[in-house]
Amino acid sequence: MSTAVPASSATSTASPFSWVDDGAAVAVSLDGVPVLTYTYAADDPQVESPRPYFHPVRTRTGDLVSAYRPHDHVWHKGIAWSLPHLGPDNFWGGPSYRRGQDYQWLPNNGAMRHGELRRAADDGGRFSFAHTLQWISQAGSLVVEEERSFQVVPGRDDSYTLVFDSAMTNVSGGDVHIGSPTTEGRENAGYGGLFWRGPRSFAGGAIIGPGGATGEELRGQRAPWLSFVGQHDETCRYSTVVMVDDPHSDHPQPEWFARSEPFACMGPAPFFSKEVLFPAGSTLRYRYGVVIADGESDAGRAEALAAAARDVLAGAAEPRAGRGTEG
C-alpha cells in the first residue's frame, strides 16, 4: 500500500522531507526535490543477487549521480551493500571468482530479503528509515539476519549526507569468512561492501582522497574517506560524491576500491586484502556517511565535505525503537 507523507504532517513544524512508500521502495524528497529512492524489496533476477539499493540518487538540484543495471555489470545497483564472498555465497551478483579458475557462473547467488519495516519518519529534520533483512543462499539456507537503517541529513544548501548503518548477525550455524576476489587470488580486485556506481558521463572523472591524493584508480589504499567528482551530460554541471568511514568503527580503516575508467565506481572495502572471520552467532556492524553535493570540488572542498560527514556520523542518533511507519 502506498504511503505518502506530506512535509506538513511529518512533524509539528514544517519538515524539509516528504516521502512515498509503495510497499517495496521508499522515495524521499528534500525541499521538494526527489533526492533518492531506496528499494528495500528488490525483485531482480537471482543471478544478480537481489538486494536493497539506492537508485535513483540525485543532488539537491536534481542531477542524477547513480547508475542502475549498467550493461557491463547488470548486478551493479546504484549504491548498495554487496558482498561477493560471504563464505561460499555471493551476495554481490554475477559470476564468482575462484582461485585458479577465474570467474565462474555458480549456483551461489544469494538474496537479501526484506523482513519487517521498523521506521520511516522525520526525526527532527533528518529522514530515518529502518528495517530487517534475511540473507538467503541460493540453496535456500538462512545465513544472516540483518538490522539496517539509513538517514538523510541536510547539509549546506548544496549537499546532504546519507548515513548507512548495517548490523549483520551470523545465523548460519557455523563460522563464515568474508573476503573478496583479491583474498581468493585476483590481484587488486578487493571490492565488496558499500559500493557506488556512477552514471556513464562520470567516466574519466576525478578521484580525490586525503591530502589531495588522486589518480584514475585508488585501489587497495587505506583512507578514512574518498571522493569522486563527475560531470553531467546535457547540463555540463558537476557533482561530488564523498564516502566516509565511521571514525568510531571497531574495524580497521578500510581499503578502497575506486576507479574512473572504464566507468565510475567507489566504495570502502573492509574485506579487500584480508578475510574477516564472522563467528557463528556474532554481529558485525558497518557504518558510513555518503555526501551527495552539487558542484565541482577540489581537494580542499572534498576534505571539508568529508569533515562535515564525520560530524554527521558523530551526531546521527540511532533510530528510535518502534514498529511500523510513522508520520
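Structure's up top.
As the structure is a prediction and not an experimental result, all values here were calculated from the model. (Residues numbered from 1 in each chain as written. Predicted model: local features only at pLDDT ≥ 70, side-chain atom pairs only at ≥ 80, totals over all residues. Heavy atoms only, no water.)

Peer 1: Just give me the short version of the sheet that holds strand β23 (residues 283–294), but keep the residues and values in it.
Peer 2: Strand pairing in a sheet relies on backbone hydrogen bonds. The paired strands run either parallel or antiparallel. Across the sheet, which stays open at both edges, the nine strands sit in the order β10-β11-β12-β13-β23-β19-β18-β16-β17 with antiparallel pairing between neighbours. Looking at strand neighbours, the two that pair on one side only are β10 (111–122) and β17 (214–215), the edges of this open sheet. Note that strand β19 (residues 238–245) and β23 share seven bridges and pair antiparallel. If you follow S239 over to β23, its bridge partner there is D294. (Pairing = 2+ DSSP bridges. Helix = DSSP H or I, 4+ residues; strand = E, 2+ residues; numbered from the N terminus.)

Peer 1: Can you tell me about the pattern of salt bridges, naming the residues and giving the values?
Peer 2: In the structure shown here, the tally under the stated rule is 16 salt bridges. Here D31 and R60 are joined by a salt bridge, their closest N and O atoms 2.7 Å apart. With D31 in the loop between β3 (25–30) and β4 (33–39) and R60 in the loop between β5 (53–57) and β6 (79–86), this residue pair connects regions lying 29 residues apart in the sequence. You can call D31 exposed: its relative accessible area is 51%. For R60, a relative accessible area of 13% puts it in the buried group. Put simply, E255 and R222 hold a salt bridge, and the shortest N to O gap is 3.5 Å. Linking E255 in strand β20 (residues 255–259) with R222 in the loop between β17 and β18 (225–231), this pair joins segments that are 33 residues apart in sequence. Looking at E255, the relative accessible area reads 9%, which means it is buried. We classify R222 as partly exposed; its relative accessible area is 49%. (Salt bridge = Lys/Arg side-chain N within 4 Å of Asp/Glu carboxyl O. Buried < 20%, exposed > 50% of the residue type's maximum accessible area, 1.4 Å probe, protein only.)

Peer 1: Pulling in residues and values, what's your account of unusual backbone geometry?
Peer 2: Geometrically, the link from H55 to P56 is a cis peptide bond, its omega value of -5° lying close to zero. Mapped onto the secondary structure, P56 falls in strand β5. A cis amide bond, omega 0°, links E261 with the succeeding residue P262. In this model, S49 sits at a positive phi of 50°, which is unusual for a non-glycine residue.

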